[in-house]
Every structure is written in structure tokens, then in C-alpha cells.
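What follows is the residue order along each chain.
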Amino acid sequence: MKTKLIVANWKLNPDSPREARELFTSVKRVATKLRKVETVICAPVIFLPLLKPQQKLFLGAQDTFWAREGAWTGQISPGMVRKSSVQYVILGHSEKRATGDSDAIINQKLKLALAEGLRVILCVGEKERDTHGEYLNIIREQLNAALLKIPKKFSAQIVIAYEPIWAIGEQARSSDTPHDFLQQAIFIRKVLSHWCGHAPALTIPVLYGGSVDGKNAAGFLQEGQADGLLVGRSSLRSDIFNQILKTANALA
């Protein structure tokens, strides 16, 4: 039995502490009863202290900064979130990259988050899919840059989430397929093996994160052999998200 990792990225939602508690409670009723699934709720940082992690149900931050302390107005350090019962953090998400996070910044954030003991969900993925495979160079470069000078001993704290940006959102021009994801996951592990070695690379979870919903989750988990899912919009609907959790548990 291999446990599936299902990550909810609430992004800039919901609107109030009450709604955050209600959504978390609805998910908790299902998540804590599943033996083969670990669930992570990545809520806005202001809501994290209101939510209590449970068995099989963890908390995650959507981002952290690259400095422990100092004159950095508006920033949150990984140490701060770690001391708030948070165990995971998303870094390198496509939406953060789009607003200025370079590969070098992601590398700095990753180093400190790992040193503080957080498990990092590192996002990689291409904006466009070409027919000649050039997009694979983008994924390779993102992985190599993020992991630059990071000791391979940290491989046990790293999760990779593959985001095909062209397939994400309501305006997506096309959809990714489980078969294509499986090929990307194999490629990602090959790149990781150059960093940490073949055996550790096989143990690093590779999640699919391209507009996951109740209709396509099973395909990516079963045919795509994903170790889990990074769920965005659908994680705000407890009925849909709980169904995804149940599907993952049944397929683990």
C-alpha cells in the first residue's frame, strides 16, 4: 500500500474565518477516516492558526520568504509557519513565478524552508507544450535551479507537483492526459536522480496539478500513476474535494 498525498490549495479563498473553519471541518470529517490518503490544506496564512491538524490531515502554507527575520514588511518566514503547527509549504507555484519569483528566489526559499523542517511541495511546469519536446528543458532547468547546492539528504522532505500551465484554469486551451503526465513524472524522476541518486528519486512523490476535479482525478491517479494531486479550484467545494479524497483512497 502506498499512501496518496492530496493537497488543497485554497489560494485567496475563502472570504472569512467562519467559512475557512466550515470548509476545513467538512473536509476533516472525511480525511481523518481514510487509511490510504494524507491530506494537506494550504490555506491563506491568516487562517492557519484557526485550523487544527489531525491524524492524516495536515496544514500547509502557500508560500514563505527566504529570510528568517529582518526588515521585510509583509513577509512570512518558514520558521513562523513551522511554529504554527504547519508542516508543508508550496514553493514555485506558477502564480508566484508569474508575479516575480525567479528560479534563484525559489532556490533561496527552498533552502530555508527545508532547514526549518518543512516539507516542500515544489511546483514545476511549462507554459506551452511544443511537439519537439523543448518544454522538457524548462522542467529540467526549473528542477536543477531550485535544487542547486541543496544537500541530497533533504530529498525526504521534498514533493514535486507538476503544473502544465497551459492546461490550468477555466480559459485553458486544452487538457493534459494521464498518459502524458506519466511520461512527465518519469522524466522528473530522471532529473531528480542526478541530484539525489536513483533510489531516493523513486521515493519522492510526484503530484499532478493541472485543473484537477472530480471527473479527472481517478485517471491521473490510476492511469497516470500519480503519487497524489495538487487541487486548486475544486478544493473549495468540500463535496468535490471529499470525493477526490475517497477516490484516492480507493485507488491507493
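That block above? That's the structure.
So, here's what we can say about the structure. What you see is a predicted model; the values in this text were computed from it and never measured.

Quick notes on the packing of aromatic side chains
Working step 1: Applying the stated criterion across every chain, the model contains eight aromatic pairs.
Working step 2: Between F65 and W66, the ring centres sit 4.8 Å apart and the planes meet at 35°, which makes this aromatic pair tilted.
Working step 3: Both rings, one in F65 and one in W72, keep their centres 5.1 Å apart while their planes meet at 55°; by these two values the pair is tilted.
Working step 4: An aromatic cluster of at least three residues, connected via ring pairs, comprises Y162, F181, Y208 and F220.

Description of the nonpolar core
Working step 1: I160 and L229 are the most contacted members of the largest nonpolar core, which totals 64 residues.
Working step 2: In terms of residues, this core owes the most to one element, helix 6 (residues 178-196), which gives eight residues.
Working step 3: Apart from residues no more than four positions distant in its own chain, I160 is found in contact with L122, V124, L143, I188, L192, I204, P205, V206 and L207.
Working step 4: Core analysis: the next-biggest nonpolar cluster, separate from the first, contains 13 residues, V40, C42, L207 and L230 among them.

The rules behind each value
- Residues numbered from 1 in each chain as written.
- Predicted model: local features only at pLDDT ≥ 70, side-chain atom pairs only at ≥ 80, totals over all residues.
- Heavy atoms only, no water.
- Phe/Tyr/Trp six-rings, centres within 6.5 Å; stacked < 30°, edge-to-face > 60°.
- Core = buried A, V, L, I, M, F, W, Y, C linked by side-chain atoms within 4.5 Å.
- Buried < 20%, exposed > 50% of the residue type's maximum accessible area, 1.4 Å probe, protein only.
- Helix = DSSP H or I, 4+ residues; strand = E, 2+ residues; numbered from the N terminus.
- Contact = heavy atoms within 4.5 Å.

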